[in-house]
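# Report on the structure
Letter by letter, the chains look like this.
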Amino acid sequence: EDQVTQSPEALRLQEGESSSLNCSYTVSGLRGLFWYRQDPGKGPEFLFTLYSAGEEKEKERLKATLTKKESFLHITAPKPEDSATYLCAVVSGGSYIPTFGRGTSLIVHP
Amino acid sequence: EPEVTQTPSHQVTQMGQEVILRCVPISNHLYFYWYRQILGQKVEFLVSFYNNEISEKSEIFDDQFSVERPDGSNFTLKIRSTKLEDSAMYFCASTGGLGNEQFFGPGTRLTVL
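Quick look at the structure, then. Computed from a predicted structure; not experimentally measured.

Attention shifts here to the overall build of chain B. Counting its regular elements, chain B contains zero helices and 11 strands. Written out in order from the N terminus, the α and β elements of chain B read β-β-β-β-β-β-β-β-β-β-β. Over its C-alpha atoms chain B spans a radius of gyration of 13 Å, differing by no more than 12% from the 13 Å that the globule rule assigns to 113 residues. Dimensions of chain B along its principal axes, counting C-alpha atoms only, are 35 × 25 × 25 Å. Put simply, of all contacts in chain B between residues at least 6 apart along the chain, 54% involve residues at least 24 apart. For chain B, the accessible area works out to roughly 5,800 Å², and carbon and sulfur atoms hold 45% of it. Across chain B, 9 positive and 14 negative side-chain charges occur, with their mean positions spaced 4 Å apart.

Listed below in structure tokens is the structure:
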């Protein structure tokens, strides 16, 4: 069974204080790893897809990286509007159904 | 930009009643999904649907649940006899290709009293 663990569970940053969120996974044959942003009471919003170790994707203040065991979501100089829960999901093996982690709740203080 | 839409945004029902949650996936997508998220917990897969039939379902998706694509645009989730533990956010998602990123709707908050 696929396992996805996200850490930390919660993270408080000051505006401008860069940090990284972690998603570690145990799967048989990774097909893809996805990062989503979820605001309270809303649906997950797609951010990135990573398919192979060494791959990196960037969007504004966010950069996602992937190794064979984990992915990092780096947040550079965050702003209060970056406050949200960030979800990681993996698709592996013969199933195309994503397994989600519990997410990291990020709060950025002005 | 195309998006997945869901109605209603909030549904309150009595235990034992039937509810139908509605979704309009992105128009050129072929694969459709329902997920649920109990407050404070992770997103859980319920069912996937392709070519007018269920392709995968989870243990949560028991005989009380059914899905339908009644026309070319709508995708529905029916819960026949709701239980208290069905209270959750229900998300519809769609994708254009297997293994590709899924795009989620805003969700329906179901409250069973």
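Adjacent strands of a sheet pair through backbone hydrogen bonds, lying either parallel or antiparallel. All names here are of chain A. Spatially, β1-β3-β8-β7-β6 is the arrangement adopted by the five strands of the open sheet, whose pairing is antiparallel. Either end of the sheet is taken by a strand with one partner, and the two such strands are β1 (3-7) and β6 (56-59). Neighbour-to-neighbour, the strand axes of this sheet turn through a mean angle of 15°, independent of strand direction. Relative to strand β3 (residues 19-26), β1 runs antiparallel, the two being bridged by five bridges. By the bridge assignment for β3, Ser7 is matched with Asn22.

Here is what the cut-offs are and how they apply
- Residues numbered from 1 in each chain as written.
- Chains lettered and ligands numbered in written order.
- Predicted model: local features only at pLDDT ≥ 70, side-chain atom pairs only at ≥ 80, totals over all residues.
- Heavy atoms only, no water.
- Helix = DSSP H or I, 4+ residues; strand = E, 2+ residues; numbered from the N terminus.
- Rg over C-alpha atoms; globule rule 2.2 N^0.38 Å.
- Contact = heavy atoms within 4.5 Å.
- Areas by Shrake-Rupley, 256 points an atom, 1.4 Å probe, with all protein chains shown as cover.
- Lys, Arg positive; Asp, Glu negative; His and termini not counted.
- Charge placed at Lys NZ, Arg CZ, Asp CG, Glu CD.
- Pairing = 2+ DSSP bridges.
- Axes fitted to C-alpha atoms, helices over the stretch in contact; angles between N-to-C directions.

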